[in-house]
Amino acid sequence: MNLTSSVDSKAATRFPSVSFATRRKFFLFAMALPAVAYVIALGVFPLVKGIWYSLYEYNLLKPARTHFVGIDNYINLLADADFRGAIANTVIFTVFSVAIELVFGFVIALALWRDDRFNRVCLTLILVPVTITPLVVGLIFKGLLLADYGMVGYYLAQWGITDPRGLFATPSTALATLIFIDVWEWTPLVALILLAGLKALPGDLLEAAAVDGATAWRTFRSITLPLMLPAVMLALTLRTIDAFRVFDSVFVTTGGGPGNSTNTLMVYAVKEGLSFFNIGKASAISNIALLCVAIIAACFIFMIRHFDKKANGR
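Residues numbered from 1 in each chain as written. Predicted model: local features only at pLDDT ≥ 70, side-chain atom pairs only at ≥ 80, totals over all residues. Heavy atoms only, no water.

## So, the overall build of the protein chain
Let me state the cut-off plainly: Strands are runs of DSSP state E lasting at least two residues, helices are runs of H or I lasting at least four, and both sets are numbered from the N terminus onward. C-alpha atoms define the radius of gyration, and 2.2 Å times the number of residues to the power 0.38 defines the globule rule. The classification of residues rests on relative accessible area computed with a 1.4 Å probe and restricted to protein chains. Under 20% of the type maximum is buried, over 50% is exposed, and intermediate values are partly exposed. In this description, contact between two residues means that some pair of their heavy atoms is separated by no more than 4.5 Å.
Across its full length, the protein chain carries 13 helices and 2 strands. Taking 2.2 N^0.38 as the reference for a compact globule, 314 residues should give roughly 20 Å; the C-alpha atoms of the protein chain span a radius of gyration of 26 Å, well beyond that estimate. Seen along its three principal axes, the alpha-carbon backbone of the protein chain occupies a region of about 90 × 75 × 35 Å. Per-residue burial over the protein chain gives 36% buried out of 314 residues. Expressed as a percentage of contacts within the protein chain between residues at least 6 apart in sequence, the contacts between residues at least 24 apart total 66%.

## Things to note about the UniProt feature "transmembrane region" (unreviewed entry) in the protein chain
Condition: UniProt positions are given in the numbering used here, feature names are shortened, and annotations may be inferred rather than shown by experiment.
Per the UniProt record, the feature "transmembrane region" (unreviewed entry) sits at residues 26-48, 86-113, 125-147, 174-198, 219-241 and 284-304. What you have in residues 26-48 is 100% helix and 0% strand, and the ends, taken at the C-alpha atoms, are 28 Å apart.

## Focus on the environment of tyrosine 74
Along the polypeptide, tyrosine 74 turns up in helix 3 (residues 72-78). Separated by 211 residues in sequence, tyrosine 74 and isoleucine 285 have C-alpha atoms that sit 7.9 Å apart. The contact partners of tyrosine 74, leaving out residues within four places of it in the chain, are Ser54, Leu55, Ala284, Asn287 and Ile288.

## Focus on the side chain of threonine 177
Position of threonine 177 among the secondary structure elements: in helix 8 (residues 171-199). Taking the relative accessible area as the measure of exposure, threonine 177 reaches 7% and is therefore buried. For threonine 177, the residues in contact, after removing those within four places along its chain, are Leu145, Leu167 and Phe168.

## Observations concerning the packing of aromatic side chains
Aromatic ring pairs are described here by two measures, namely the spacing of the ring centres and the angle between the planes. The following threshold applies: Within 6.5 Å between ring centres, the rings of Phe, Tyr and Trp (the latter by its six-membered ring) count as paired, and their orientation is classed by plane angle as stacked under 30 degrees, edge-to-face over 60, tilted in between.
On inspection of all chains with the given rule, the structure shows 10 aromatic pairs. Between phenylalanine 141 and tryptophan 184 the ring centres are 5.3 Å apart and the planes differ by 75°, which places this aromatic pair in the edge-to-face class. In this pair, phenylalanine 141 is assigned in helix 6 (residues 134-145) and tryptophan 184 in helix 8, connecting sequence segments 43 residues apart. When its relative accessible area of 9% is taken as the criterion, phenylalanine 141 is described as buried. Consider the rings of phenylalanine 247 and phenylalanine 251, whose centres lie 5.1 Å apart with planes at 25°: the pair is stacked.

## Description of the side chain of serine 249
Summarising the element assignment, serine 249 is placed in helix 11 (residues 248-253). Contact partners of serine 249, with chain neighbours within four places excluded, come to Pro134, Gly138 and Leu178.

## Points about the nonpolar core
Our working rule: Nonpolar cores are built from buried Ala, Val, Leu, Ile, Met, Phe, Trp, Tyr and Cys residues. Side-chain atoms within 4.5 Å join them into one set.
Core analysis: the biggest nonpolar cluster contains 49 residues, and Leu194 and Met228 have the highest contact counts within it. Of all the elements in the fold, those that place two or more residues in this core are helix 4 (81-111), helix 6, helix 8, helix 10 (216-244), helix 12 (265-275) and helix 13 (279-311). Of all the elements, helix 8 adds the most residues to this core, at 10 residues. In this view, methionine 228 contacts Phe106, Leu194, Gly197, Leu198 and Leu201; residues no more than four positions away in its chain are not counted.

## So, the packing of helix 4 against helix 8
Cut-off, in case you're wondering: Angles shown run from 0 to 180 degrees and are taken between the N-to-C directions of axes, each axis being a line fitted to C-alpha atoms and, for helices, limited to the stretch in contact. Our angle categories are set so that under 35 degrees counts as roughly parallel, over 145 as roughly antiparallel, 65 to 115 as roughly perpendicular, and the remainder as oblique. Here a crossing is taken to be left-handed if its near helix is turned anticlockwise relative to the far helix by less than a right angle, and right-handed if that turn runs clockwise. Polar here means any residue other than Ala, Val, Leu, Ile, Met, Phe, Trp, Tyr, Cys and Pro, which are nonpolar, and Asp, Glu, Lys and Arg, which are charged; Gly is therefore polar.
Packing of helix 4 against helix 8 leaves a shortest axis separation of 6 Å and a crossing angle of 40°. One finds that helix 4 runs oblique with respect to helix 8. As for how helix 4 packs across helix 8, the hand of that crossing is right-handed. For the contact of helix 4 with helix 8, the class distribution of residues is 20 nonpolar, 4 polar and 2 charged.

## Observations concerning the pattern of salt bridges
Going by this rule: A pairing counts as a salt bridge when a side-chain nitrogen of Lys or Arg comes within 4 Å of a carboxyl oxygen of Asp or Glu.
Counted according to the given criterion, the structure contains 8 salt bridges. Between aspartate 116 and arginine 114 there is a salt bridge; the shortest N-O distance is 2.9 Å. Of the residues examined, arginine 114 reaches a relative accessible area of 60% and is grouped as exposed. With its nearest N and O atoms 3.0 Å apart, the salt bridge here joins aspartate 163 to arginine 165. Salt bridges sharing common partners tie together Glu101, Asp182, Arg239, Asp242 and Arg245.

## Notes on the confidence of the model for the protein chain
Quick note on the threshold: For every residue, the predictor states its confidence as a pLDDT score lying anywhere from 0 to 100.
Of all residues in the protein chain, 92% attain a pLDDT of 70 or more, and the chain-wide mean is 86. Looking across the protein chain, the model is least confident in helix 1 (residues 3-14), with a mean pLDDT of 50, and most confident in helix 4, with 94.

## Section: the packing of helix 6 against helix 8
The N-to-C vectors of helix 6 and helix 8 enclose an angle of 125°; their axes lie 11 Å apart at closest approach. By the angle between their directions, the pair helix 6 and helix 8 is classed as oblique. Handedness of the crossing formed by helix 6 with helix 8: right-handed. In this structure, helix 6 contributes Pro134, Val137, Phe141 and Leu145 to the contact, and helix 8 contributes Thr177, Phe180, Ile181, Trp184, Glu185 and Trp186. Residues of the contact of helix 6 with helix 8, tallied by class, amount to 8 nonpolar, 1 polar and 1 charged.

## With respect to helix 12
Of the residues making up helix 12, those classed as buried are Leu265, Val267, Tyr268, Ala269, Glu272 and Gly273. Taken from the residues just after helix 12, phenylalanine 277 is the one with a positive phi, measuring 55°.

This is the structure we're talking about:
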């Protein structure tokens with residue numbers, strides 16, 4: 001009798017009424033249990049707690065006045081001008097930053113499509129911004145663009161190119177500057193996703209188009225772009241969700257100002273929760289932002305599946 005059969009016989013003797021399939025399921029459940037507990041502790045529980053808080057008038061400075069208000073926090077937000085301004089700023093930031101990143105990312109991906117040493121080196125270099133956290137990126141650009149001591153902002157203000165107060169201190173340029181920072185950081189990621197999609201294109205179709213005398217624009221419009229739609233939708237999904245919940249770079253550069261010109265949903269929620277200690281209202285804002293992100297993700301996932309089926313002829 002070999003070692004394997006000996007172990008199986010011992011296990012069968014120890015657990016005579018438990019089948020191997022049942023023991024295997026129990027083992028897999030035991031291995032997955034820590035991950036499930038982690039998700040519940042750090043994901044599900046805070047979500048449920050946030051929904052619960054949003055149904056109460058709850059301020060940490062006035063705990064004795066805590067009482068159940070139902071959906072009044074959500075209803076009151078609809079009449080809140082600051083909340084509507086935060087939604088508008090978030091939508092403007094998301095639409096412009098993602099659109100610019102998609103265009104620039106596609107151009108970079110097409111430029112790096114050819115697989116040679118120079119393009120591989122360039123791809124490595126342009127991915128450097130992605131490796132930096134948004135908080136650090138915000139601090140870097142704040143140090144560069146401040147009008148009083150910024151390495152770039154000081155000269156821009158002195159030469160009259162920008163407002164003397166700086167790009168971050170002017171409502172007309174603050175949001176645009178934040179969009180520029182986001183584009184600088186995340187365009188390489190979009191380019192990498194689109195480049196992966198380009199490299200997955202069937203070469204025989206492109207060669208057949210070249211043999212038939214199709215121009216580069218005709219090939220791109222009729223073959224490359226339709227087959228790239230799943231990759232484009234993936235890049236749009238990831239960046240739209242991430243841009244909609246932007247917080248780090250805005251918080252460390254403008255803090256939502258000047259005034260409320262760069263106040264986004266997440267920044268507004270943090271202000272209400274950590275500055276004014278209005279936990280009920282902050283939870284309601286966060287839940288609305290989460291609902292918007294879930295709707296955006298569901299729409300994009302549906303479109304990705306649709307284009308993927310269309311590309312595969314199903």
